Amino acid sequence: MLAKNNRPQSWLEALKFIGHCPICNERYQDDHAKLFAKRDGANLVHITCNKCASNFITMIVMMGQGLSSVGMVTDLNFEDVQKLYKTAPLTVDEIISGYQFFQKNF
Ligand SMILES: [Zn+2]
């Protein structure tokens, strides 16, 4: 539903403007899209294509005059995304330790 000024009022409404699955070109279905986080005005949404079952994560930001979105294909399902979103990001020290581990052992 559009507001009187025709600006999108929710991430679900904004999804209509994003459109199609990049894999099979099927139109996204509202009931296959789930919000998993909201942060600083950005809505993070997981979408499963109802035709080819590909998964996507998209960030939808509603701004004064419109909306912006950026997305990526993923192999994570909705439950994975919810779990991983809550984990702490890797630190630089952890990345260096991982690199050294592989250099030493393989
Ligand atoms: Zn698809």
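For the structure, check the block above.
To start, this report covers the structure provided alongside it. (Residues numbered from 1 in each chain as written. Predicted model: local features only at pLDDT ≥ 70, side-chain atom pairs only at ≥ 80, totals over all residues. Heavy atoms only, no water.)

Now for the sheet that holds strand S4 (residues 66-74). Across the sheet, 4 strands lie side by side as S1-S2-S3-S4; this open sheet has antiparallel pairing. Edge positions in the sheet fall to strand S1 (33-39) and S4, since each has one partner strand and no second. The average angle at which neighbouring strand axes cross in this sheet is 20 degrees, direction not considered. As judged from the 6 bridges shared by S1 and strand S2 (residues 42-48), these two strands associate in the antiparallel manner. Paired with leucine 35 across the bridge in S2 is valine 45. Against the sheet, helix H1 (residues 11-18) makes contact with S1, S2, strand S3 (55-63) and S4, and its axis sits at roughly 110 degrees relative to S3, the strand it touches most. Along the sheet, helix H2 (residues 78-86) contacts S1, S2 and S3; its crossing angle with S1, the most-contacted strand, is approximately 10 degrees. (Pairing = 2+ DSSP bridges. Helix = DSSP H or I, 4+ residues; strand = E, 2+ residues; numbered from the N terminus. Axes fitted to C-alpha atoms, helices over the stretch in contact; angles between N-to-C directions. Contact = heavy atoms within 4.5 Å.)

Pairing between S3 and S4: 9 bridges, direction antiparallel. Within the sheet, the bridge partner assigned to methionine 62 lies in S4 and is leucine 67. Turn length for the S3-S4 hairpin, with the two strands adjacent in sequence and antiparallel, is 2 residues.

The next subject is the environment of methionine 59. The topology assignment puts methionine 59 in strand S3. Remark: the alpha-carbon pair of methionine 59 and histidine 46, spanning 13 residues in sequence, is separated by 9.0 Å. Leave out the neighbours within four places in its chain, and methionine 59 touches Ala42, Asn43, Leu44, Ser68, Ser69 and Val70.

The next subject is the coordination of the zinc ion. In the first shell of the zinc ion, the protein supplies Cys21 (SG), Cys24 (SG), Cys49 (SG) and Cys52 (SG), at 2.3 to 2.4 Å from the metal. If you look at the zinc ion, its 4 donor atoms make angles of 104 to 113 degrees with each other, and the shape they trace is tetrahedral. One chain supplies every donor for the zinc ion, spaced along it as C-x2-C-x24-C-x2-C. Note that cysteine 24 is positioned in the loop between H1 and S1 and cysteine 52 in the loop between S2 and S3, a separation of 28 residues in sequence. Judged by its relative accessible area of 25%, cysteine 24 falls in the partly exposed class. (Donors = N, O, S within 2.8 Å, 3.2 Å for Na, K, Ca; no water. Tetrahedral: all angles 85-135°; square planar, octahedral: opposite > 155°, others 65-115°. Buried < 20%, exposed > 50% of the residue type's maximum accessible area, 1.4 Å probe, protein only.)

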